[in-house]
Amino acid sequence: MAEREAVLVADIGGTKLAGGVTDLDGRLTTWAQVPTPRDGDAEFLWRTLESLLARVLEDAKIDDLGILSGIGCGCGGPMEWPAGLVSPLNIPAWRGFALRERLTERFGDKNQVRVHNDAICMAIGEHWRGAGKGCRNVLGVVVSTGVGGGLVLDDRLIQGSSGNAGHIGHVVVDPDGPRCQCGGVGCVEAIARGPALAAWAQSEGWRPGQPEVTAKDLADDAARGHAVALAALRRAGLAIGTAIASATCLCDLEVVAVGGGLSQAGALLFDPLHEALARHARLDFARQVRAVPAALGQTAGLVGAAALIIKGDRYWAGD
Ligand code: ADP
Ligand code: ZN
C-alpha cells in the first residue's frame, strides 16, 4: 500500500468493539469485532481495543503506521469533544478516559486522530456512503445498548455547542414513561435501548428469572411469534417512530437511517416505527421523510469514523 492510502477506524459501544481499515473512499478492506469486556478496569478495556486494532492492521498488511492518513474513532457518549475524553454511559470502566490522546500515542505517529460520538459516526457514514447518500438532510439513529443519533443538515454535520446535536436518544416520547439513565423520564432511550427492552419483556413474563437475556434473544422469540416479545419490539418501534416524527418536523428531514444492533430485528421493529411516524408526522413536508434501515448495516459507524478523516471539511469542525 502506498503512502497515506488507508484510515484506521474504531467503533466503541457498550456491547461490542469494532475495528477496521478503510481505503480513501471509505471502503472497508478489513474489519473485526469483539464483545466489550464487562469486567476489568479502564486499562483492560484499552488493551482489548488496542489488540483489536493491531489485529486489523495486521490483516490489512500495514506494518508502517506512516501509511495511514489518520485514525477515526466513534465512541459511546457523553464525551468532552473535541478533546476526546470519553465517559460512555454504557461503559462504566471509562470515566474521563483520554481516548483521543491514547490513540494518538499508540497509533498516531504524525497522523490525525479524531474521536466523535458513535452515533454521529453512524450518521455521517450513512450520509456519505449509505442510505442518505445524495440527500442534504439526514438523521442517523442508532438503536443499540443505548439510543443515539447524528444530524446532517444542508450537507454538513451539525455539531451543536458541545458536539452533541442530533442526540435523539433523550428526546421525550412519554412524559409518564420509565426513568432514563440520563436522569430524565420517558426518553426514547429509556424505552427502546436493547437492555431496557429485554428488562421490560421480562417484567411482563418473558423468560422469567433468566439473568443473561438480551434484546437479540427477544427478537428471536418475537420472530417465533412470542406475544410478549412482539409487544416489546412494538413498544420500542413506536417510541422510535414517535421521536423520529418530532425530529422530522424540527429539522425538515429527507431521510432517517436507522441502524445499531436492534435494527437487525427488521420488520418487527420497522413496522411499528413506520406506524408511529405516519401517525405523528402529518404536515406535508414531514410526510415526505423516508425512515429506512442503515444501508451500511453494522459497519456504518466504522465508515463514518473514516469520514471524520477523509471528509473532515464536511464532518469535522473540532480543531
Ligand atoms: P453497541 O451498543 O456496542 O454499539 P450493538 O449496536 O451491536 O452494540 O447493539 C447491541 C444491542 O443490540 C444489544 O441490546 C443486543 O441484544 C441487540 N442486538 C444484537 N443483535 C440483534 C438482533 N439480531 N436483533 C435484535 N437485537 C439485536
Ligand atoms: Zn434520557
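Data block above holds the structure.
Here goes a summary of the coordinates provided. (Residues numbered from 1 in each chain as written. Chains lettered and ligands numbered in written order. Predicted model: local features only at pLDDT ≥ 70, side-chain atom pairs only at ≥ 80, totals over all residues. Heavy atoms only, no water.)

Turning our eyes to something else, we now look at the site of ligand 1. What surrounds ligand 1 is a group of 17 residues, the closest being Thr15, Lys16, Ser144, Thr145 and Gly261. The contact in question runs from an oxygen atom of ligand 1 to an N or O atom on the backbone of Gly14, over 3.2 Å. Gln264 is positioned with one of its side-chain polar atoms (N or O) 3.3 Å from a nitrogen atom of ligand 1. Relative to its unbound accessible area of 570 Å², ligand 1 is 87% covered by the protein chains. Only helix H5 (194-203) and helix H6 (215-223) provide two or more residues apiece to the shell around ligand 1. Residue contributions to the shell around ligand 1 peak at three residues, all from H6. Per-class residue counts for the shell around ligand 1 are five nonpolar, 10 polar and two charged. (Near = heavy atom within 4 Å. Polar contact = N/O pair within 3.5 Å; in protein donor to acceptor, adjacent residues only side chain to side chain. Areas by Shrake-Rupley, 256 points an atom, 1.4 Å probe, with all protein chains shown as cover. Helix = DSSP H or I, 4+ residues; strand = E, 2+ residues; numbered from the N terminus. Nonpolar A, V, L, I, M, F, W, Y, C, P; charged D, E, K, R; others polar.)

Glancing now at the side chain of Thr30. Within the fold, Thr30 resides in strand S3 (residues 28-35). Relative accessible area serves as the criterion here: at 14%, Thr30 is assigned to the buried category. Residue contacts for Thr30: discarding those within four places in its chain leaves Gly19, Gly20, Val21, Val56, Asp59 and Ala60. (Buried < 20%, exposed > 50% of the residue type's maximum accessible area, 1.4 Å probe, protein only. Contact = heavy atoms within 4.5 Å.)

All of the protein donors around the zinc ion (ligand 2) are His170 (ND1), Cys180 (SG), Cys182 (SG) and Cys187 (SG); their distances to the metal are 2.0 to 2.3 Å. Each of the four donor atoms around the zinc ion (ligand 2) contributes to a set of angles spanning 104 to 119 degrees, which defines the coordination as tetrahedral. Of note, the zinc ion (ligand 2) draws all its donor residues from one chain, in the sequence arrangement H-x9-C-x1-C-x4-C. Residue His170 is located in the loop between strand S11 (156-157) and helix H4 (188-192), and its partner Cys182 is located in the loop between S11 and H4; the two are separated by 12 residues in the primary sequence. Classification of His170 by relative accessible area gives partly exposed; the value is 24%. (Donors = N, O, S within 2.8 Å, 3.2 Å for Na, K, Ca; no water. Tetrahedral: all angles 85-135°; square planar, octahedral: opposite > 155°, others 65-115°.)

Here we come to the pairing of strand S8 (residues 112-117). Burial of S8 is extensive: five of the six residues sit out of reach of the surface. Pairing geometry for strand S4 (residues 68-75) and S8, over six bridges, is parallel. Note on S8: the bridge partner recorded for Cys73 is Val115. (Pairing = 2+ DSSP bridges.)

For the bond from Gly77 to Pro78, the omega torsion is 5 degrees, close enough to zero to count as cis. By secondary structure assignment, the location of Pro78 is in the loop between S4 and strand S5 (79-80). Following Trp81, the chain continues into Pro82 via a peptide bond in cis, with omega recorded as 10 degrees. Following the sequence through the fold, Pro82 ends up in the loop between S5 and strand S6 (85-86). Of note, the phi angle at Asp154 is positive, near 50 degrees, even though the residue is not glycine.

Remember that the coordinates give geometry; whether it matters functionally is a separate question.
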